[in-house]
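These are the residues of each chain, in order.
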Amino acid sequence: MDDGILVTGATGRVGAPLVRELAGDAPVRAASRNPDSVAERAGVERVGFDLEQPETWGPALDGVNRLFLMFPPSVGVGPVREFVDAARRTGIKHVVCLSVLGAEKVPVLPHRRIERHIQGRFDYTTLRAAYFMQNLSGIHRPEIVERDELFVPAGEGALGLVDARDVAAVAAVTLTEACHRNRAYDVTGPESLGFREMARVFSAELDRDIAYADPGRTAFAWQMYRRGVDPGLIAFMLTEYEVARHGFAGRTTDDAERVLGREPRSLGAFVADHRDAFASVR
(Lines give C-alpha, C1' and ligand atoms only; values in the text may rest on other atoms or scores of the structure.)
Protein backbone atom coordinates (compact mmCIF):
# COMPACT_ATOMS: atom_id res chain seq x y z
CA MET A 1 0.00 0.00 0.00
CA ASP A 2 2.82 2.40 -0.84
CA ASP A 3 0.39 4.93 -2.32
CA GLY A 4 -2.31 4.33 0.28
CA ILE A 5 -4.34 6.74 2.40
CA LEU A 6 -4.70 6.42 6.17
CA VAL A 7 -8.06 7.70 7.42
CA THR A 8 -8.14 8.29 11.17
CA GLY A 9 -11.50 8.45 12.91
CA ALA A 10 -12.83 6.09 10.27
CA THR A 11 -16.16 5.53 12.06
CA GLY A 12 -16.75 9.23 12.71
CA ARG A 13 -18.99 11.80 11.11
CA VAL A 14 -16.40 12.72 8.50
CA GLY A 15 -14.23 9.60 8.53
CA ALA A 16 -17.00 7.11 7.71
CA PRO A 17 -18.30 8.93 4.62
CA LEU A 18 -14.70 9.70 3.61
CA VAL A 19 -13.88 5.98 3.54
CA ARG A 20 -16.97 5.46 1.35
CA GLU A 21 -15.87 8.29 -0.97
CA LEU A 22 -12.36 6.90 -1.38
CA ALA A 23 -13.17 3.18 -1.62
CA GLY A 24 -12.46 1.92 -5.11
CA ASP A 25 -10.48 5.01 -6.13
CA ALA A 26 -7.44 4.61 -3.85
CA PRO A 27 -6.06 2.03 -1.39
CA VAL A 28 -7.51 2.99 2.00
CA ARG A 29 -6.52 2.02 5.53
CA ALA A 30 -9.43 2.78 7.86
CA ALA A 31 -8.18 3.40 11.41
CA SER A 32 -10.44 3.18 14.43
CA ARG A 33 -10.36 2.18 18.08
CA ASN A 34 -12.89 -0.44 17.07
CA PRO A 35 -11.89 -1.53 13.56
CA ASP A 36 -14.60 -4.21 13.42
CA SER A 37 -17.16 -1.40 13.35
CA VAL A 38 -15.78 -0.13 10.03
CA ALA A 39 -17.90 -1.42 7.17
CA GLU A 40 -16.14 -3.98 4.98
CA ARG A 41 -15.43 -2.58 1.51
CA ALA A 42 -13.26 -3.64 -1.40
CA GLY A 43 -9.91 -1.88 -1.26
CA VAL A 44 -10.33 -0.90 2.41
CA GLU A 45 -8.05 -2.35 5.09
CA ARG A 46 -9.28 -1.98 8.67
CA VAL A 47 -6.77 -1.38 11.46
CA GLY A 48 -6.92 -0.71 15.19
CA PHE A 49 -5.72 2.77 16.11
CA ASP A 50 -5.73 5.05 19.14
CA LEU A 51 -3.98 8.41 19.33
CA GLU A 52 -3.26 7.75 23.00
CA GLN A 53 -1.68 4.33 22.36
CA PRO A 54 1.56 4.79 20.38
CA GLU A 55 1.92 1.04 19.91
CA THR A 56 -1.00 1.24 17.42
CA TRP A 57 0.64 3.92 15.27
CA GLY A 58 3.22 1.83 13.41
CA PRO A 59 0.80 -0.71 11.87
CA ALA A 60 -1.52 2.14 10.86
CA LEU A 61 1.22 4.21 9.21
CA ASP A 62 3.20 1.42 7.57
CA GLY A 63 3.31 1.84 3.81
CA VAL A 64 0.87 4.74 3.39
CA ASN A 65 1.89 8.15 2.08
CA ARG A 66 -1.22 10.27 2.68
CA LEU A 67 -3.07 10.93 5.93
CA PHE A 68 -6.46 12.28 6.91
CA LEU A 69 -6.06 13.51 10.48
CA MET A 70 -8.76 14.31 12.97
CA PHE A 71 -8.68 14.12 16.73
CA PRO A 72 -11.50 13.85 19.27
CA PRO A 73 -12.02 16.64 21.84
CA SER A 74 -11.00 14.27 24.63
CA VAL A 75 -7.44 13.88 23.29
CA GLY A 76 -4.86 16.52 24.14
CA VAL A 77 -2.56 18.30 21.71
CA GLY A 78 0.54 16.45 22.93
CA PRO A 79 -0.34 12.97 21.65
CA VAL A 80 -1.48 14.41 18.32
CA ARG A 81 1.82 16.24 17.84
CA GLU A 82 3.74 13.07 18.69
CA PHE A 83 1.68 11.13 16.15
CA VAL A 84 2.33 13.80 13.51
CA ASP A 85 6.06 13.47 14.17
CA ALA A 86 5.79 9.68 13.83
CA ALA A 87 3.95 10.13 10.54
CA ARG A 88 6.79 12.26 9.23
CA ARG A 89 9.37 9.65 10.19
CA THR A 90 7.46 6.87 8.42
CA GLY A 91 7.21 8.72 5.11
CA ILE A 92 3.82 10.44 5.03
CA LYS A 93 3.99 13.10 2.31
CA HIS A 94 0.60 14.84 2.50
CA VAL A 95 -1.66 15.49 5.50
CA VAL A 96 -5.27 16.64 5.23
CA CYS A 97 -6.13 18.02 8.65
CA LEU A 98 -9.69 18.51 9.87
CA SER A 99 -9.93 21.76 11.81
CA VAL A 100 -12.66 24.23 12.77
CA LEU A 101 -13.85 27.42 11.12
CA GLY A 102 -11.95 30.44 12.40
CA ALA A 103 -9.09 28.46 13.98
CA GLU A 104 -6.50 30.67 12.31
CA LYS A 105 -7.70 33.60 14.45
CA VAL A 106 -7.30 31.81 17.80
CA PRO A 107 -3.64 30.83 18.37
CA VAL A 108 -4.35 28.94 21.61
CA LEU A 109 -7.08 26.78 20.10
CA PRO A 110 -5.98 23.10 20.01
CA HIS A 111 -6.95 22.80 16.34
CA ARG A 112 -4.77 25.79 15.43
CA ARG A 113 -1.84 24.41 17.39
CA ILE A 114 -2.12 21.15 15.43
CA GLU A 115 -2.39 23.05 12.14
CA ARG A 116 0.84 24.89 12.88
CA HIS A 117 2.64 21.71 13.87
CA ILE A 118 1.74 20.11 10.54
CA GLN A 119 2.66 23.08 8.34
CA GLY A 120 6.31 23.04 7.35
CA ARG A 121 6.65 19.32 8.02
CA PHE A 122 4.48 18.04 5.15
CA ASP A 123 2.50 19.12 2.18
CA TYR A 124 -0.80 19.89 3.87
CA THR A 125 -4.40 20.78 3.26
CA THR A 126 -6.34 22.30 6.16
CA LEU A 127 -10.11 21.91 6.18
CA ARG A 128 -11.65 24.39 8.61
CA ALA A 129 -15.17 23.09 8.89
CA ALA A 130 -18.27 24.94 10.05
CA TYR A 131 -20.79 23.57 12.56
CA PHE A 132 -21.78 20.03 11.58
CA MET A 133 -25.46 19.50 10.84
CA GLN A 134 -24.88 16.02 12.27
CA ASN A 135 -24.70 17.62 15.73
CA LEU A 136 -28.46 18.07 15.36
CA SER A 137 -29.04 14.39 14.56
CA GLY A 138 -26.48 13.34 17.18
CA ILE A 139 -25.90 15.12 20.47
CA HIS A 140 -29.08 17.25 20.16
CA ARG A 141 -31.41 14.59 18.79
CA PRO A 142 -32.93 13.48 22.16
CA GLU A 143 -34.52 16.87 22.85
CA ILE A 144 -35.83 17.10 19.27
CA VAL A 145 -37.53 13.70 19.31
CA GLU A 146 -38.61 13.70 22.98
CA ARG A 147 -39.54 17.38 23.52
CA ASP A 148 -39.83 18.90 20.03
CA GLU A 149 -37.17 21.49 20.78
CA LEU A 150 -33.69 22.59 19.88
CA PHE A 151 -32.02 22.79 23.30
CA VAL A 152 -28.97 24.96 22.63
CA PRO A 153 -27.60 27.97 24.59
CA ALA A 154 -26.74 30.18 21.61
CA GLY A 155 -29.02 33.18 22.08
CA GLU A 156 -29.73 34.95 18.80
CA GLY A 157 -26.36 34.06 17.31
CA ALA A 158 -26.07 32.46 13.89
CA LEU A 159 -23.94 29.54 12.79
CA GLY A 160 -22.49 28.66 9.46
CA LEU A 161 -23.59 25.06 8.89
CA VAL A 162 -22.17 22.19 6.89
CA ASP A 163 -23.16 18.58 6.28
CA ALA A 164 -20.29 16.31 7.36
CA ARG A 165 -20.86 14.33 4.15
CA ASP A 166 -19.81 17.41 2.20
CA VAL A 167 -16.72 17.83 4.38
CA ALA A 168 -15.85 14.21 3.59
CA ALA A 169 -16.33 14.85 -0.12
CA VAL A 170 -13.98 17.84 0.05
CA ALA A 171 -11.45 15.74 1.97
CA ALA A 172 -11.60 13.01 -0.68
CA VAL A 173 -10.87 15.49 -3.46
CA THR A 174 -8.01 17.14 -1.59
CA LEU A 175 -6.43 13.77 -0.78
CA THR A 176 -6.47 12.65 -4.39
CA GLU A 177 -5.79 15.85 -6.38
CA ALA A 178 -2.36 17.44 -5.91
CA CYS A 179 -3.57 20.94 -6.81
CA HIS A 180 -5.07 21.34 -3.34
CA ARG A 181 -1.81 20.91 -1.44
CA ASN A 182 -0.55 23.65 0.86
CA ARG A 183 -3.91 25.36 1.02
CA ALA A 184 -6.54 25.98 3.67
CA TYR A 185 -10.26 25.80 2.93
CA ASP A 186 -13.13 27.14 5.01
CA VAL A 187 -15.69 24.40 4.45
CA THR A 188 -19.26 25.58 5.00
CA GLY A 189 -22.67 24.96 3.58
CA PRO A 190 -24.63 27.56 1.61
CA GLU A 191 -26.33 29.30 4.56
CA SER A 192 -25.86 30.79 8.00
CA LEU A 193 -28.80 30.36 10.37
CA GLY A 194 -29.75 31.17 13.93
CA PHE A 195 -31.40 28.43 15.96
CA ARG A 196 -34.84 30.04 15.66
CA GLU A 197 -34.45 29.84 11.89
CA MET A 198 -33.22 26.26 12.23
CA ALA A 199 -36.31 25.43 14.28
CA ARG A 200 -38.49 26.78 11.46
CA VAL A 201 -36.65 24.59 8.94
CA PHE A 202 -37.18 21.55 11.17
CA SER A 203 -40.86 22.41 11.63
CA ALA A 204 -41.41 22.69 7.89
CA GLU A 205 -39.54 19.50 7.01
CA LEU A 206 -40.94 17.37 9.86
CA ASP A 207 -44.48 18.80 9.67
CA ARG A 208 -44.65 19.47 13.42
CA ASP A 209 -43.72 22.43 15.57
CA ILE A 210 -40.10 22.45 16.75
CA ALA A 211 -39.23 25.23 19.22
CA TYR A 212 -35.91 26.83 20.12
CA ALA A 213 -35.47 26.54 23.89
CA ASP A 214 -32.29 28.68 24.36
CA PRO A 215 -31.49 27.47 27.90
CA GLY A 216 -28.98 29.14 30.19
CA ARG A 217 -25.46 27.76 30.27
CA THR A 218 -25.95 26.03 33.62
CA ALA A 219 -29.26 24.45 32.59
CA PHE A 220 -27.71 23.24 29.35
CA ALA A 221 -24.65 21.79 31.07
CA TRP A 222 -26.79 20.02 33.68
CA GLN A 223 -29.09 18.51 31.05
CA MET A 224 -26.11 17.20 29.07
CA TYR A 225 -24.46 15.85 32.23
CA ARG A 226 -27.65 14.04 33.24
CA ARG A 227 -27.66 12.40 29.83
CA GLY A 228 -24.11 11.12 30.38
CA VAL A 229 -22.30 13.44 27.99
CA ASP A 230 -18.55 13.65 28.63
CA PRO A 231 -17.70 16.82 30.63
CA GLY A 232 -14.98 17.71 28.14
CA LEU A 233 -17.52 17.71 25.32
CA ILE A 234 -19.94 19.78 27.42
CA ALA A 235 -17.22 22.39 27.97
CA PHE A 236 -16.41 22.40 24.23
CA MET A 237 -20.08 22.93 23.33
CA LEU A 238 -20.47 25.76 25.84
CA THR A 239 -17.51 27.52 24.25
CA GLU A 240 -18.78 26.86 20.74
CA TYR A 241 -22.23 28.26 21.47
CA GLU A 242 -20.84 31.25 23.34
CA VAL A 243 -18.86 32.12 20.21
CA ALA A 244 -22.08 31.86 18.20
CA ARG A 245 -23.99 33.93 20.76
CA HIS A 246 -21.57 36.81 20.25
CA GLY A 247 -21.90 36.72 16.48
CA PHE A 248 -18.53 35.22 15.55
CA ALA A 249 -19.64 31.93 13.96
CA GLY A 250 -21.98 32.88 11.16
CA ARG A 251 -19.58 33.10 8.24
CA THR A 252 -20.10 31.09 5.05
CA THR A 253 -17.85 30.66 2.02
CA ASP A 254 -17.97 29.10 -1.43
CA ASP A 255 -14.84 26.97 -0.84
CA ALA A 256 -16.76 23.68 -0.75
CA GLU A 257 -18.66 24.54 -3.92
CA ARG A 258 -15.42 25.44 -5.74
CA VAL A 259 -13.69 22.21 -4.71
CA LEU A 260 -16.69 19.95 -5.38
CA GLY A 261 -18.12 21.67 -8.45
CA ARG A 262 -21.57 21.62 -6.84
CA GLU A 263 -23.40 23.45 -4.07
CA PRO A 264 -23.15 21.77 -0.66
CA ARG A 265 -26.31 20.57 1.06
CA SER A 266 -28.71 22.93 2.81
CA LEU A 267 -30.14 22.30 6.28
CA GLY A 268 -33.53 21.54 4.73
CA ALA A 269 -31.98 18.83 2.56
CA PHE A 270 -30.18 17.40 5.58
CA VAL A 271 -33.34 17.22 7.70
CA ALA A 272 -35.26 15.65 4.80
CA ASP A 273 -32.54 13.01 4.42
CA HIS A 274 -32.75 12.20 8.16
CA ARG A 275 -36.49 12.54 8.67
CA ASP A 276 -36.77 9.08 10.22
CA ALA A 277 -34.08 9.88 12.78
CA PHE A 278 -36.07 12.94 13.92
CA ALA A 279 -39.43 11.13 14.26
CA SER A 280 -41.18 12.15 17.46
CA VAL A 281 -41.33 9.70 20.37
CA ARG A 282 -43.80 11.83 22.36
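Relevant structure appears above.
The rules we used
- Residues numbered from 1 in each chain as written.
- Predicted model: local features only at pLDDT ≥ 70, side-chain atom pairs only at ≥ 80, totals over all residues.
- Heavy atoms only, no water.
- Helix = DSSP H or I, 4+ residues; strand = E, 2+ residues; numbered from the N terminus.
- Rg over C-alpha atoms; globule rule 2.2 N^0.38 Å.
- Buried < 20%, exposed > 50% of the residue type's maximum accessible area, 1.4 Å probe, protein only.
- Areas by Shrake-Rupley, 256 points an atom, 1.4 Å probe, with all protein chains shown as cover.
- Polar contact = N/O pair within 3.5 Å; in protein donor to acceptor, adjacent residues only side chain to side chain.
- Right-handed = clockwise from strand over helix to strand, strands pointing away.
- Pairing = 2+ DSSP bridges.
- Phe/Tyr/Trp six-rings, centres within 6.5 Å; stacked < 30°, edge-to-face > 60°.

Chemist: Any details on the overall build of the protein chain? Residues and values, ideally.
Modeler: Looking only at helices and strands, the protein chain features 12 helices and 12 strands. On C-alpha atoms alone, the protein chain measures out to a radius of gyration of 19 Å, which is about the 19 Å that the 2.2 N^0.38 rule sets for 282 residues. In terms of overall dimensions, the protein chain has a C-alpha envelope of 55 × 35 × 35 Å along the principal axes. Among the 282 residues that make up the protein chain, the fraction classed as buried is 50%. Roughly 12,500 Å² of accessible area belongs to the protein chain as shown, and the carbon and sulfur atoms make up 47% of that amount.

Chemist: How would you sum up the side chain of R29? Please name residues and give values.
Modeler: Structurally, R29 is set in strand β2 (residues 28-32). Polar contacts involving the side chain of R29 include one to the side chain of E45, which spans 3.3 Å. A distance of 2.8 Å separates a polar atom in the side chain of R29 from the backbone oxygen of A60.

Chemist: Could you give me a rundown of the pairing of strand β5 (residues 94-100), with the residues and numbers involved?
Modeler: Across the 7 residues that make up β5, a large majority, 6, are buried. For the segment spanning strand β4 (residues 64-69), helix α3 (residues 77-89) and β5, crossover handedness is right-handed. In this sheet, strand β6 (residues 123-129) lies alongside β5 in parallel orientation, the contact comprising 7 bridges. Looking at the pairing, V95 lines up with Y124 of β6. At this point the chain moves from β5, through helix α4 (residues 110-118), to the parallel β6, and the crossover so formed is right-handed.

Chemist: So what about the environment of R282? Which residues, and what values?
Modeler: Tracing the backbone shows R282 in the segment after α12 (267-273). Residue class for R282 comes out exposed when judged on its relative accessible area of 66%. Sequence separation between R282 and E146 is 136 residues; the distance between their C-alpha atoms is 5.6 Å.

Chemist: Before we move on, can you summarise the environment of D276 with the specific residues and values?
Modeler: Mapped onto the elements, D276 comes out in the segment after α12. Judged by relative accessible area, D276 falls into the exposed class, the value being 71%. For the pair D276 and L206, spaced 70 residues apart in sequence, the C-alpha to C-alpha distance is 9.3 Å.

Chemist: Tell me about helix α1 (residues 15-22), and please be specific about residues and values.
Modeler: Listed as buried for α1 are G15, P17, L18, V19 and L22. G24 sits one or two positions beyond α1 and adopts a positive phi of about 95°.

Chemist: Lay out the packing of aromatic side chains with the relevant residues and their values.
Modeler: Applying the stated rule across the entire model yields 11 aromatic pairs. Seen from their ring centres, F49 and F83 are 5.1 Å apart, and the 65° between their planes marks the pair as edge-to-face. Taken together, the positions of F49 in the loop between β3 (44-48) and α2 (57-61) and F83 in helix α3 put the pair 34 residues apart, joining distant regions of the chain. Overall, F49 belongs to the buried group, its relative accessible area being 6%. When its relative accessible area of 0% is taken as the criterion, F83 is described as buried. The interplanar angle of 25° and the centroid separation of 6.2 Å between the aromatic rings of F151 and F220 together place this pair among those described as stacked. Note that F151 is positioned in the loop between β8 (149-150) and β9 (158-162) and F220 in helix α9 (residues 217-226), a separation of 69 residues in sequence. F220 shares its class with F151; the two are buried.

Chemist: I'd like a rundown of the sheet that holds strand β7 (residues 131-132), residues and numbers included.
Modeler: With mixed pairing, the 3 strands of this open sheet are ordered in space as β7-β9-β11. At either margin of the open sheet sits one strand with a lone partner, and together these are β7 and β11 (192-194). Inspection of the sheet shows β7 paired to β9 by 2 bridges, in the parallel sense. Note that in β9 the partner of Y131 across the bridge is L161.

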